Amino acid sequence: MKLIGKLLIYGLAIVLSAKIYPKVQVDGYGTAIIAAILLAIASVTIKPILTFLTLPVTVFTLGLFLIVINAVILLMVSALLDGFQIGGFWNAVLYSILLAIVHAILEWLFEALF
C-alpha cells in the first residue's frame, strides 16, 4: 500500500511540475501515473548502470552529473510514453530539478498519510 501511495504522490508531482514548466506536457493524471511507474522502473534498473559508468564524472562534479542522468532517464520515458512530452535535453534538465523539488515538498506534506 505504501508503494501505491508513493507512486500516486510521484504522479501528482509530475502533473504539478508540468503545469509549472510549460515545456513539458502531460496529457492527464493517468499518463502521469504510468510515467511515474516507468520512471521508478528506470531508476531501479538503468540509473545504477549509468551512475556506475559515469562515476569519475560524477565524482569530479561532486554529484551534479546525476542531474544529467535524471534528465536522460526522463527523456527515455518521454520517448516511450506518448502522452508525456519533454521539449529537449535542457528542458529535461530543468524539469528534473523542478520535479525533484515538487516531489520533495509533496512527500513532506503527505508523509503522515503514507
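The coordinates are above.
This section reports on the structure supplied with the text. (Residues numbered from 1 in each chain as written. Predicted model: local features only at pLDDT ≥ 70, side-chain atom pairs only at ≥ 80, totals over all residues. Heavy atoms only, no water.)

## Re the overall build of the protein chain
- Across its full length, the protein chain holds five helices and two strands.
- Secondary structure of the protein chain in N-to-C order comes out as α-β-α-α-α-β-α.
- Whereas a compact globule of 114 residues would reach a radius of gyration of roughly 13 Å, the protein chain reaches 14 Å, a difference of no more than 12%.
- Viewed in the frame of its principal axes, the protein chain has a C-alpha envelope of about 40 × 30 × 20 Å.
- Across the 114 residues that make up the protein chain, the buried fraction comes to 34%.
- By sequence separation, contacts in the protein chain at least 24 residues apart represent 61% of the contacts at least 6 residues apart. (Helix = DSSP H or I, 4+ residues; strand = E, 2+ residues; numbered from the N terminus. Rg over C-alpha atoms; globule rule 2.2 N^0.38 Å. Buried < 20%, exposed > 50% of the residue type's maximum accessible area, 1.4 Å probe, protein only. Contact = heavy atoms within 4.5 Å.)

## So, a nonpolar patch on the surface
- Where nonpolar side chains cluster on the molecular surface, the patch consists of L94, I97, I101, I105, W108 and L109 and spans about 620 Å² of accessible area.
- As for its placement among the helices and strands, L109 is situated in helix 5 (residues 89-110). (Patch = residues over 30% accessible without salt bridge, like charges linked within 9 Å, V, L, I, M, F, W, Y side chains within 5 Å. Areas by Shrake-Rupley, 256 points an atom, 1.4 Å probe, with all protein chains shown as cover. Salt bridge = Lys/Arg side-chain N within 4 Å of Asp/Glu carboxyl O.)

## Digging into the side chain of S17
- Considering the arrangement of structural elements, one finds S17 in helix 1 (residues 2-20).
- Judged by relative accessible area, S17 falls into the buried class, the value being 0%.
- Discounting chain neighbours no more than four positions away, the residues touching S17 are Y95, L98, L99 and V102.

## Things to note about unusual backbone geometry
- If you check the backbone angles, L62 has positive phi at about 55 degrees while not being a glycine.
- As for its placement among the helices and strands, L62 is situated in the loop between helix 3 (55-60) and helix 4 (65-80).
- For L62, a relative accessible area of 80% corresponds to the exposed category.

## A look at the nonpolar core
- With 28 residues, the main nonpolar core has I14, V24, L74, F84, I86 and Y95 as its most contacted residues.
- Mapped onto this core, the elements with two or more residues apiece are helix 1, helix 2 (29-53), helix 4, strand 2 (84-86) and helix 5. (Core = buried A, V, L, I, M, F, W, Y, C linked by side-chain atoms within 4.5 Å.)

## Remarks on helix 1
- For helix 1, with 19 residues, the first-to-last C-alpha span of 27 Å sits near the 27 Å given by 1.5 Å per residue.
- Taken together, the buried positions of helix 1 are occupied by G5, L7, I9, G11, A13, I14, V15, S17 and A18.
- In this fold, the buried residues of helix 1 make contact with strand 1 (24-26), helix 2, strand 2 and helix 5. (Expected span 1.5 Å × (residues − 1).)

## Some remarks on the packing of helix 2 against helix 4
- In the contact formed by helix 2 and helix 4, the axes pass within 10 Å of each other and the chain directions differ by 135 degrees. Relative to helix 4, the element helix 2 lies oblique. Taken as a pair, helix 2 and helix 4 cross one another with a handedness that is right-handed. Contact with helix 2, carried on its side by A35, L38, L39, A42, I46, K47, L50 and T51, involves L66, I69, N70, V72, I73, L74, M76 and V77 of helix 4 and no other residues of that element.
- Here the contact of helix 2 with helix 4 is composed, by residue class, of 13 nonpolar, two polar and one charged. (Axes fitted to C-alpha atoms, helices over the stretch in contact; angles between N-to-C directions. Parallel < 35°, antiparallel > 145°, perpendicular 65-115°, else oblique. Left-handed = near helix turned anticlockwise from the far one by under 90°. Nonpolar A, V, L, I, M, F, W, Y, C, P; charged D, E, K, R; others polar.)

## As for the packing of aromatic side chains
- In this structure the tally under the stated criterion is two aromatic pairs.
- A centroid spacing of 5.1 Å and a plane angle of 75 degrees characterise the contact between F89 and W90, whose relative ring orientation is edge-to-face.
- For F89, a relative accessible area of 32% puts it in the partly exposed group.
- Note on W90: relative accessible area 64%, which makes it exposed. (Phe/Tyr/Trp six-rings, centres within 6.5 Å; stacked < 30°, edge-to-face > 60°.)

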